[in-house]
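Coordinates in review
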Amino acid sequence: MRRYDPAELEPRWVERWEREGLYLASESPADDRPRFYALDMFPYPSGDLHMGHAEAFSGGDAVARFAAMRGANVLHPIGWDAFGLPAENAAIKRGVAPEGWTYANIEQQARSFRRMGMSFDWTRRLQTCDPEYYRWTQWLFVKLFERGLAFRKQSPVNWCPKDATVLANEQVVQGACERCGTVVERRDLTQWFFKITDYAQRLLDDMDDLVDWPERVVAMQRNWIGRSEGAEVTFVVDGAGDEVPVFTTRPDTLWGVTFFVFAVEHPLVPKLAELGGSWSEVRPLLERARATPLTAREEADTKEGVPLGVFAVNPVNGEKVPCYVAPYVLMEYGTGAIMAVPAHDERDFAFAREHDLPVRVVIQPEGEAPLDGDTMPEAYAGEGVMVSSGPFDGQRTPESIAKVAAWLEDQGRGRATVTYRLRDWLISRQRYWGAPIPIVHCADCGEIAVPEDQLPVELPEDVDFRPGGESPLARHPTWKQTTCPTCGKDATRDTDTMDTFVDSSWYYFRYCSPGYEDGPFRPEDVERWMPVSQYTGGVEHAILHLLYSRFFTKVLFDMGLVSFTEPFPRLMNQGQVIYGGASMSKSKGNVVEPMPVVERWGADTMRLMMLFAGPFEDDIDWKLIAGDPDKRPGVSGWLGRVFAIVGDAAERDAGDPDRLVRLTHRTIAGVTEDMERFRYHTAISKLQVLSNAMREALEGGAGARGAAEALVQMLAPLAPFVSEELWRVALGHPESVHVSRWPGFDPEMARQERVTLVVQVDGKVRDRVEVEADADEESCRGLALASPNARRAIGDREVRTIVVRPPKLVNVVTVR
Ligand SMILES: [Zn+2]
Ligand SMILES: [Zn+2]
């Protein structure tokens, strides 16, 4: 038998698999296997593959291979999320076009994926920056535009001065740009939005169809959408007559309102400040707020604020309360004005204490000492009984909330309503490397969608793409000049490009119909393959990518193009690969690349290192699992032993001993269950136990061929190369292990073997107990001491020592 040599055998199999077309999804109508769509979150081509890719795709590939061996017709595609800022910034730094840099990286990653032996159907490969792809991204934009779901509005936006582009709120982390760390500014710009807020309730309701998602991801989505029920109540500004609606989740606290607060951007503020004679105090506050990034505003100091000098009338009791303008109230949430109830809201409370405003208790917690507004140290936001609330005294939460809301509606002073935290999706970017927004601006006709037969609107190549405030496309001498598709007069193209999250919101549909010319996908193809059977990827996409993809799928459903509303009913998030307890980053100098490990020890070893490190969803600390980079990894040593053991087993004529047969069945049962639950690390442990038992059997002169066949098959989804070599070469099968049928087991044989444990006290047999054959010392001792016969024999004597020989004998020795 030859030695285990991954550097020789792995490239050989890559070539052979490709030649045999082993991983092509079958579209044959005669193929009646169940379909399985194994989808990995597609990579961003920022360089060669990194450790995170190596981990994610090792797991995703195991999913696809396991499904295939269980008899499915598997679709396992690959593509690249290839537009976006990093490519553009890298290109600017190097003085080359983003296109060249991007495609070079894609080729590099594709080579590395091939070297790792990923079971991709390469015929479906796509890149979002290909004109043939973004043609359909633009087509989808047009469809959203036609349905009123894409629209322009002026709005305050987060602006990164370094990247010279708008950032979504989610791309701002603690007031700084997520990509470059520059402090974000605030600007008012006219921007394109997708009206995802129209789908807020459906995005919540359809979560019932997410049959297998990590709970924390569901919770994050729910929280992001942020539904709250309550009431809209209208206050009137005394003297001015303006009606100002406010939203509250606690209409039962209306009688506790002691002041009223406007957001600094509220359109009424200048007028009311003028009326109240407070403009000289209000104006500096407005100017300061305007210079503050939007996201920093969310953590605004609750104590800052200025009285407007006017009063608002509380519709429930006619009371006049003073109006303030304060940064802690945000224009983007609710109506941009709030009724302040300091006794029952923390932020209002802090503001009231700072400004010496009255605190009036209107909810008393039950069974506790009554609250006193003058002395309470903090707001009470809990449930309780309404007091000092006119006709509602004595009502209890939560029923009181609905009762007050209904009463407001009856009285014409408000109505029950629902609000969401979710904002519309800002999709325009003033950058070059993205899909151009397919809109023409005409002086007479307004915003006109580019007709379908003129798509794609292609990116020009000769562009000065350095950042400069406006889109580089706007600076091109001729690109934006065009004619209006409606009236034929001179018009200009929209010069913004789309957020890359638009590209990644529909790529999984395109995989079903690669190269399709008449639409983004052929609906029949999508019906055959989708929804996705298993989606695998990082938790960093737990909110945006998944939310946007779910939104797109619902829009396609409404357009009648698909028959389902959730694209990914099953989602698995792998953990991150970190180093020494910290995330890997160039600045920390702790980046480890996967491909050198693959070159040195083999792709199978790389995969097993990732999958053996622990539960798939947990973070992997590479420093802990890899240790000395020059030392042979433990899993590599094990693969070498498996290589030798299976080779020996293949040459032995004797049958497997009964014990080994039973262990084989038990291992198949356990590993099958582990694979279904992404428990790759425990699957590998079980395979190691089996390989040790095989070695023992072989050394005792017995055979192990049955065990070898099963072991190689179970290893195949995890270490595809060595298992293929052993299956075809050592064990002599003509066909690939990857199309072999996953081994079955006999539940009777898989049952844990039982043996008799003899319990002695001072050398005399006192009991016999049934135990599992692999019972350890601890459990044998426990069982012996729990035996009533043994305890009777011990009596009240002191136990001196307990001799345990698992699983056969326990002898309790007493002091005599
Ligand atoms: Zn930036
Ligand atoms: Zn026109």
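See the structure shown above.
Bear in mind the structure is a predicted one, so any value in this text is a computation, not a measurement. (Residues numbered from 1 in each chain as written. Chains lettered and ligands numbered in written order. Predicted model: local features only at pLDDT ≥ 70, side-chain atom pairs only at ≥ 80, totals over all residues. Heavy atoms only, no water.)

**Overview of the overall build of the chain**
Going by this rule: Note on conventions: DSSP H or I runs of at least 4 residues are helices, E runs of at least 2 residues are strands, and numbering of each starts at the N terminus. Residue burial is assigned from relative accessible area. The probe radius is 1.4 Å, only protein chains are included, and a residue is buried under 20% of its type maximum, exposed over 50%, and partly exposed in between. The accessible surface values rely on the Shrake-Rupley method and a 1.4 Å probe; as for residues, cover is taken only from the protein chains in view. Neither His nor the chain termini are counted; the positive set is Lys and Arg, and the negative set is Asp and Glu. Lys charges are placed at NZ, Arg charges at CZ, Asp charges at CG and Glu charges at CD.
Within the chain, the regular secondary structure consists of 28 helices and 34 strands. Across its three principal axes, the chain shows a C-alpha extent of roughly 100 × 85 × 50 Å. Taken across its 816 residues, the chain has 54% of its residues classed as buried. Carbon and sulfur atoms provide 48% of the accessible area of the chain, an area that totals close to 34700 Å². Looking at the chain, you have 92 positive and 123 negative side-chain charges, and the mean spots of the two groups are 5 Å apart.

**With respect to a negative patch on the surface**
The condition is simple: Each patch is built from residues lacking any salt bridge and having more than 30% relative accessible area; the joining distance is 9 Å for like charges and 5 Å for nonpolar side chains (Val, Leu, Ile, Met, Phe, Trp, Tyr). Each reported salt bridge corresponds to a side-chain nitrogen of Lys or Arg within 4 Å of a carboxyl oxygen of Asp or Glu.
A surface patch of like charges, here negative, comprises Glu99, Glu458, Glu461 and Asp462. Judged by its relative accessible area of 67%, Glu461 falls in the exposed class.

**Comments concerning the coordination of the zinc ion (ligand 1)**
Put simply, the rule reads: In this description, a donor is an N, O or S atom within 2.8 Å of the metal centre, a cutoff extended to 3.2 Å for sodium, potassium and calcium. Water is not part of the atom list, which can make sites seem incomplete. For four-coordinate sites, all angles between 85 and 135 degrees define a tetrahedron; for four- and six-coordinate sites, opposite donors beyond 155 degrees with the remaining angles between 65 and 115 define square planar and octahedral shapes respectively, and all other cases count as irregular.
Surrounding the zinc ion (ligand 1) are the protein donor atoms Cys160 (SG), Asp163 (OD), Cys177 (SG) and Cys180 (SG), which sit 2.2 to 2.3 Å from the metal. If you look at the zinc ion (ligand 1), its 4 donor atoms make angles of 99 to 116° with each other, and the shape they trace is tetrahedral. All donors to the zinc ion (ligand 1) come from one chain, and their sequence spacing reads C-x2-D-x13-C-x2-C.

**With respect to the sheet that holds strand S27 (residues 571-574)**
Going by this rule: Strand pairing is assigned whenever DSSP identifies at least 2 bridges connecting the two strands. What counts as an axis is a line fitted to C-alpha atoms, over the stretch in contact for a helix, and the angles between N-to-C directions run from 0 to 180 degrees. Any two residues whose heavy atoms approach within 4.5 Å are treated as being in contact.
Strand order in this open sheet of 4 strands is S2-S1-S26-S27, and the pairing throughout is parallel. Only two strands of the sheet have a single partner each, and these edge strands are strand S2 (73-75) and S27. Between one strand axis and the next, the sheet turns through 20° on average, direction left out of account. Here 3 bridges tie strand S1 (residues 35-40) to strand S26 (residues 534-538), and the two strands are oriented parallel to one another. Bridge assignment links Asp40 to a residue of S26, and that residue is Thr536. On the sheet, helix H2 (residues 51-69) packs against S1, S2, S26 and S27 and is oriented at approximately 180° with respect to S1.

**Points about the layout of surface pockets**
Note the cut-off: A pocket here means an open set of points on a 1 Å grid, computed over the protein atoms alone, that has protein on both sides within 12 Å along at least five of seven lines. A cavity is instead a set of points where a 1.4 Å probe fits but cannot get out; residues with an atom within 4 Å of a point line either one. Grid points are joined across faces, edges and corners, and a volume is the space filled by probe spheres set on the points. Polar here means any residue other than Ala, Val, Leu, Ile, Met, Phe, Trp, Tyr, Cys and Pro, which are nonpolar, and Asp, Glu, Lys and Arg, which are charged; Gly is therefore polar.
For the second largest pocket, the calculated volume is near 1000 Å³. Looking at the second largest pocket, it is lined by 32 residues, and the ones nearest its centre are Phe247, Tyr333, Ile338, Asp345 and Arg347. Elements represented by at least two residues in the lining of the second largest pocket include exactly strand S11 (243-248), strand S15 (337-340) and helix H11 (346-354). Tallied by class, the residues present in the lining of the second largest pocket amount to 12 nonpolar, 10 polar and 10 charged.

**Some points on the packing of aromatic side chains**
What counts is decided by this rule: Note on aromatic contacts: the rings of Phe and Tyr and the six-membered ring of Trp form a pair at centre separations within 6.5 Å, being stacked when their planes are under 30 degrees apart, edge-to-face when over 60 apart, and tilted otherwise.
The tally for this structure, following the rule as stated, stands at 45 aromatic pairs. Look at Trp17 and Tyr23: their rings are 5.7 Å apart centre to centre, the planes differ by 75°, and that puts the pair in the edge-to-face class. When the ring of Phe616 is compared with that of Tyr680, the centres are 5.6 Å apart and the planes differ by 80°; the resulting orientation is edge-to-face. Remark: Tyr680 occurs in helix H23 (residues 680-699) and Phe616 occurs in the loop between helix H19 (603-612) and strand S30 (620-621); sequence separation between them is 64 residues. The two residues Phe616 and Tyr680 agree in class, both being buried.

**Points about the coordination of the zinc ion (ligand 2)**
The protein atoms donating to the zinc ion (ligand 2) are Cys442 (SG), Cys445 (SG), Cys484 (SG) and Cys487 (SG), with metal-donor distances spanning 2.2 to 2.3 Å. Each donor residue of the zinc ion (ligand 2) lies on one chain, and together they are spaced C-x2-C-x38-C-x2-C. With a gap of 42 residues between them, Cys445 in the loop between strand S21 (439-442) and strand S22 (446-449) and Cys487 in the loop between strand S23 (481-483) and strand S24 (490-493) connect regions that are remote in the sequence. A relative accessible area of 36% means that Cys487 is categorised as partly exposed.

**Some thoughts on the pattern of salt bridges**
Scanning all chains against the criterion turns up 54 salt bridges. One salt bridge connects Arg360 with Glu319, and the closest N-O pair in it is separated by 3.0 Å. Here Arg360, found in the loop between H11 and strand S16 (363-364), pairs with Glu319, found in the loop between strand S13 (306-313) and strand S14 (320-325); they are 41 residues apart in sequence, far enough to count as distant. A residue is classified by how much of its surface remains accessible, and Arg360, at 28% relative accessible area, is partly exposed. Residue class for Glu319 comes out partly exposed when judged on its relative accessible area of 29%. For Arg695, the salt bridge is made with Asp648, and the minimal N-O distance between the two is 3.4 Å.

**A few points about a positive patch on the surface**
A surface patch of positive charge is lined by Lys93, Arg94, Lys162 and Lys586. With respect to the helices and strands, Lys93 occurs in helix H3 (residues 85-94).

**Remarks on the packing of H2 against H19**
Selection rule: Angles are sorted into four bins: roughly parallel if under 35 degrees, roughly antiparallel if over 145, roughly perpendicular if 65 to 115, and oblique for all others.
Relative orientation of the contacting elements H2 and H19 amounts to 90°, with a least axis distance of 9 Å. Considered as vectors, H2 and H19 are oriented roughly perpendicular to each other. Across from Met51, Ala54, Glu55, Ser58, Gly59, Asp61 and Arg65 in H2, the residues of H19 making contact are Met606, Arg607, Met610 and Leu611.

**Observations concerning the nonpolar core**
For soluble globular proteins, nonpolar side chains are generally found buried alongside one another. Inclusion rule: Side-chain atoms within 4.5 Å link the members of a nonpolar core, which is a set of buried Ala, Val, Leu, Ile, Met, Phe, Trp, Tyr and Cys residues.
Tyr37, Phe141, Phe194, Trp425, Tyr507, Phe509 and Met694 are the most contacted members of the largest nonpolar core, which totals 177 residues. In terms of residue count, H2 provides more of this core than any other element does, 10 residues in total. Those residues in contact with Tyr507, other than ones at most four positions away along the chain, are Leu39, Asp40, Met41, Phe42, Leu126, Tyr133, Tyr535 and His545. Within the second largest apolar cluster, 39 residues are counted, among which are Ala231, Ala312, Val321 and Val325.

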